[in-house]
Structure formats: structure tokens, C-alpha cells
Amino acid sequence: SKPAQSCELRLVVRVGSLCEEEHERGLAHFLEHMGFKGTKSFGHGELIAYLSSLGMQYGSCLNAHTNQEETVYKLSVPLPPKSEAKVDDVAHDFANEVPSSTESAAERQGRLSMAINVLNEWATGMRISDEDVETERRVIEEEWRGKNGVSRRILHKYWDAVFAKGGAGLIAERFPIGLPEVFMKCDPQLIRDFYRKWYRPELMAVVVVGDFDQDEQEHVLEAIRSTFGCMTNGSAEGAPLPIVELPRHPNDLVLVLEDAELTQTSVSLEFFEKLSVANTLSHLRSDVIKRLFTTLVDQRLGAISRQCDGDKAGPFLGAGIACRPVVPDLNCTTINAICKDDSTSIARALEALLEEVSLGRSGWSSARRGRA
């Protein structure tokens, strides 16, 4: 397995900002922060200190994110080399020992069990004390403040035009960071209630991938069963996930997004489609074709960007293509070009992008397909 001597663990909770009511805007993200403040087994700040003592630094090995549809807690666990492990040198006190090349096979399994227990602490044992909530408010406020620049303003204008005016108001409004009047003033009990309401086993998944041998694979499976097996399924009366409407526009949408602090000019073509996933051969074929298309277009755009015929530059300074889900169940293919800030350059860049899309529809030569 690569990278060797490591393990990646995720607790995926199908709860994000789309699950929030108006008076809860920002609680899914706030709750993510609470996972690192304290749990039933770790006091204030102790979890980060404990994992750091094992070589797992906050940020690179220990992190989380919240978006509109999910909250994901992440652990990257270093493991001692298998070939140098010594069974007679088992280090039982994980909090005081630093990982070394002489740690035993039992130490490897102990680290895996420890990491799975941490996932369980997040799933079932967050403390969410009044003190933890109060000390974290300013942290979240600084995060909110740091994102309130030109990118956020442009995003809000775009989100309003594409989603709010397309009938997808919930998507347009529910940014994960939330509202200051909520995360700065909400009662801590509101966060605890949100935790109990949504962190249910039927809305969770545990993912473990790593450099394991067969015995360690069995150990991981058994550790997950024994650790999470005591969780009971949510009742039939558990809060249902929200029904999210996707945007609909009767005609092609043309947007001009401007801001005094923008430092470059770009043009984009965006193509939206409902995201679907199926474990079928036809879906796999369709996905391969889509990846081939984006690779070919990206190669073409890169070649055009490098064109220079005497004093005549290419139609844009740089360009690329991306295909990704932008919101739950909605995929977007974006072709973007950076150009000079004048009407002639903008028109040339747009014409060049349209030409590449048209060429892609009509097909490429077999030689070009082979290079992709």
C-alpha cells in the first residue's frame, strides 16, 4: 500500500448546513469545531495534545471539514515499519511514547484501535460544554471574517443568480460558515440538541484505508464492530434529511460579475447536469468518456495558451477545464480562460472557448485521442 506505514481514517456524517433551520445557521460547522475541544475521554484541548504526542499534527494529520451535505472528520495515523517491529518491545503507554521503528505489531494494532476509538468519540461523545462553546465563538468569527473578501462577494452574487433565482433557495442561503448572529449568540444547548438530533448511526459511515496485512485488516473490522456496534439505529421518528431543490432556468444564463478588488478578468462556460452514480458498466463507460473529453480539452487549451505567432498572442493568457460536483446531486463542467481586461480580448477568449467546445462535439483525430 502507498504511502507505506500509514493509515487514513474518516468519520463521514451526512449532515451539513442544508440540515439547519434558520435559527441554526452555522451549527453544523460549529459542531465540527466542538469535536476538537473535548469529548467524554478527553478534556479541553487534550485530544489534540494526545494525538500530537503520537506524531499526528493538527491540520495535516488531524482535521475536519463541513460543507452543505456532510461533515467529515479526518485522521492520518503513522504506523511503525512492519519489518522492524519487535514483539518483545510493546509500548503500552501511547500518550507518553513517540512512534519508532522498533514498535511491535501489537503497537500497530493498538494505534489502529486508538484511532477508531477517536472516531467513536466524535460520533457519540462530544462534550460541547458551555465553556468550550464560548471559547470557540471568536475562532469561528475570525474564520468568517477571513473569508469576507472579494472571493466571497463574487460567490454570493453567483450563488444568488444561479441558485436563488433558479428556485434553489436553500442551497443559495445555507453557507456552512453560517451567520454571526447565530454562532456568536446561540445558546450552547442548541448545539447539543443539533448533535443529538443529527449524529445518528444511519447517517454515518466509517472509512479506513491503510498499509495493512491480513491480520490487521481483520483487527480493523473487529475494532469497528466492537466500537460502533453498541450504537442503536435512529428511531422511525428521526429527523428526515431535507429535500433539496436543484436550480432550473428556462433559458441559458449569462452573468457578468464585477468587483472593484478583482485583479484579473476571466470568461467561463459552465454546463450543469444532475449527478448520478451507478455500479454499472454503462455508467463506467460514460465516466471514462467524460474524463477523456476533459483531458483532451485541457490539452488543447494549454497548447493554445502557449501560442505566439510573432507579435500576435493567443486568444487568452491561460485556460483550463474542471468537472466537479458543486452542490449535492449537481455536477458542473467549467471551461475557464483568463484574458486581458478589454472588450476585444474578452470576445476573442469567449470565441476560442466556444470553438473548442464545438470541436469536442464533432470529435478529435485518433492520434490526439491516443495521446490523451
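Provided above is the structure to which this section pertains.
A brief look at the structure comes next. Starting from 1, residues in each chain are numbered consecutively following that chain's sequence as written. For a predicted model such as this one, the threshold for reporting local features is a pLDDT of at least 70, and the threshold for listing and counting side-chain atom pairs is 80 or more; totals across whole chains, interfaces and linings nevertheless cover every residue. The basis for the side-chain values is all heavy atoms of the structure; hydrogens and waters are excluded.

**As for the overall build of the protein**
Scanning the protein for helices and strands turns up 12 helices and 9 strands. Considering the protein as a whole, with its 372 residues, one finds that 41% of them fall into the buried category. In the form shown here, the protein has an accessible surface area of approximately 20,400 Å², with 51% of it arising from carbon and sulfur atoms. Numbered from the N terminus, helices here are DSSP runs of H or I no shorter than four residues, and strands are runs of E no shorter than two. Only protein chains enter the accessibility calculation, which uses a 1.4 Å probe; a residue whose area is less than 20% of its type maximum is buried, one above 50% is exposed, and one in between is partly exposed. Using the Shrake-Rupley algorithm and a 1.4 Å probe, accessible areas are obtained, with residue cover drawn only from the displayed protein chains.

**Things to note about the sheet that holds strand E9 (residues 330-339)**
Across a sheet, paired strands are connected by hydrogen bonds in the backbone, their directions being either parallel or antiparallel. Should DSSP find at least two bridges between two strands, the strands are regarded as paired. Pairing is antiparallel across the open sheet formed by 3 strands, whose spatial order is E5-E9-E8. Two strands close off the open sheet at either side, each with one partner strand: strand E5 (265-274) and strand E8 (318-327). Ignoring strand direction, the axes of neighbouring strands in this sheet form an average angle of 20 degrees. As judged from the 10 bridges shared by E5 and E9, these two strands associate in the antiparallel manner. The partner of Glu270 across the bridge, within E9, is Thr334. In this analysis an axis means a line fitted to C-alpha atoms, helices contributing only their contacting stretch, and an angle means the value between N-to-C directions, from 0 to 180 degrees.

**Remarks on the environment of Thr227**
Within the secondary structure layout, Thr227 lies in helix H9 (residues 214-228). Here Thr227 falls in the buried class, since its relative accessible area comes to 12%. The spatial distance from the C-alpha of Thr227 to the C-alpha of Leu119 is 9.4 Å, given a sequence separation of 108 residues. Residues count as neighbours in contact if any of their non-hydrogen atoms are within 4.5 Å of one another. Setting aside anything within four residues of it in sequence, one finds Thr227 in contact with Ile116, Asn117 and Asn120.

**Quick word on the side chain of Ser6**
The topology assignment puts Ser6 in strand E1 (residues 6-13). Filtering out sequence-adjacent residues up to four positions away, Ser6 remains in contact with Val77, Leu79, Gly210 and Asp211.

**Things to note about helix H8 (residues 188-198)**
Because an α-helix packs 3.6 residues into every turn, residues spaced three or four apart end up facing the same way. Of the residues making up H8, those classed as buried are Pro188, Ile191, Arg192, Phe194, Tyr195 and Trp198. Mapping the buried residues of H8 onto a view down its axis gives an arc of 155 degrees, with all of them on the same face. Close packing links the buried residues of H8 with helix H1 (27-34), helix H3 (105-124) and helix H4 (130-146). For this analysis, a polar contact is any N or O atom pair within 3.5 Å, provided that within protein one partner can donate a hydrogen and the other can accept it, and provided that sequence-adjacent residues contribute only side-chain to side-chain pairs. Two or three places before Gln189, at the start of H8, stands the capping residue Asp187, its side-chain oxygen 2.8 Å from that residue's backbone nitrogen. What the arc covers is the set of directions going from the helix axis to the C-beta atoms.

**Some details on the packing of H3 against H9**
In contact at an axis separation of 10 Å, H3 and H9 are set at 30 degrees when each is read in the N-to-C sense. Of the possible angle classes, the one that applies to H3 and H9 is roughly parallel. Both H3 and H9 take part in a crossing whose hand is right-handed. The segment H3 lies against H9, with Arg108, Gln109, Leu112, Ser113, Ile116, Asn117, Leu119, Asn120 and Ala123 engaging Asp215, Glu216, His219, Val220, Ala223, Ile224, Thr227 and Phe228. In this classification, the charged set is Asp, Glu, Lys and Arg, the nonpolar set is Ala, Val, Leu, Ile, Met, Phe, Trp, Tyr, Cys and Pro, and all remaining amino acids, among them Gly, are polar. Grouping the amino acids of the contact of H3 with H9 by side-chain chemistry returns 8 nonpolar, 6 polar and 3 charged. Under this scheme an angle from 65 to 115 degrees is roughly perpendicular, one under 35 degrees roughly parallel, and one over 145 degrees roughly antiparallel; angles in between are oblique. If you view the pair so one helix is near and one far, a crossing is left-handed when the near helix is turned anticlockwise from the far one by less than a right angle, and right-handed when it is turned clockwise.

**Let's talk about the layout of surface pockets**
A cavity here means a set of points on a 1 Å grid, drawn over the protein atoms and nothing else, where a 1.4 Å probe fits but cannot get out; a pocket is an open set with protein on both sides within 12 Å along at least five of seven lines, and a residue lines either one if it has an atom within 4 Å of a point. Grid points are joined across faces, edges and corners, and a volume is the space filled by probe spheres set on the points. Counted as a void, the largest pocket has a volume near 2,000 Å³. For the largest pocket, the lining is made up of 48 residues, of which Tyr158, Leu255, Leu257, Ser268 and Glu270 are closest to its centre. If you list the elements that add at least two residues to the lining of the largest pocket, you get helix H5 (150-162), E5, E8, E9 and helix H11 (343-362). Looking at which element gives the most residues to the lining of the largest pocket, the answer is E5, with 10 residues. Considered class by class, the residues forming the lining of the largest pocket number 27 nonpolar, 10 polar and 11 charged.

**Overview of the pattern of salt bridges**
Any carboxyl oxygen of Asp or Glu that lies within 4 Å of a side-chain nitrogen of Lys or Arg is treated as forming a salt bridge with it. Under the defined criterion, the tally for this structure stands at 23 salt bridges. A salt bridge links Glu22 to Arg25; its shortest N-O distance comes to 3.2 Å. Residue classification places Glu22 among the partly exposed residues on the basis of a relative accessible area of 44%. By relative accessible area, Arg25 is classed as buried at 13%. Each member of the salt-bridge network shares a partner with another, and the members are Glu22, Arg25, Glu173 and Arg174.

**Considerations on the packing of H4 against H8**
Where H4 contacts H8, the axes come no closer than 9 Å and their chain directions differ by 105 degrees. Classified by the angle between their axes, H4 and H8 sit roughly perpendicular to one another. Here H4 contributes Asp130, Val133, Glu134 and Arg137 to the contact with H8, which in turn contributes Pro188, Ile191 and Arg192. Of the residues in the contact of H4 with H8, the class split is 3 nonpolar, no polar and 4 charged.

Coordinates in, geometry out; function isn't part of it.
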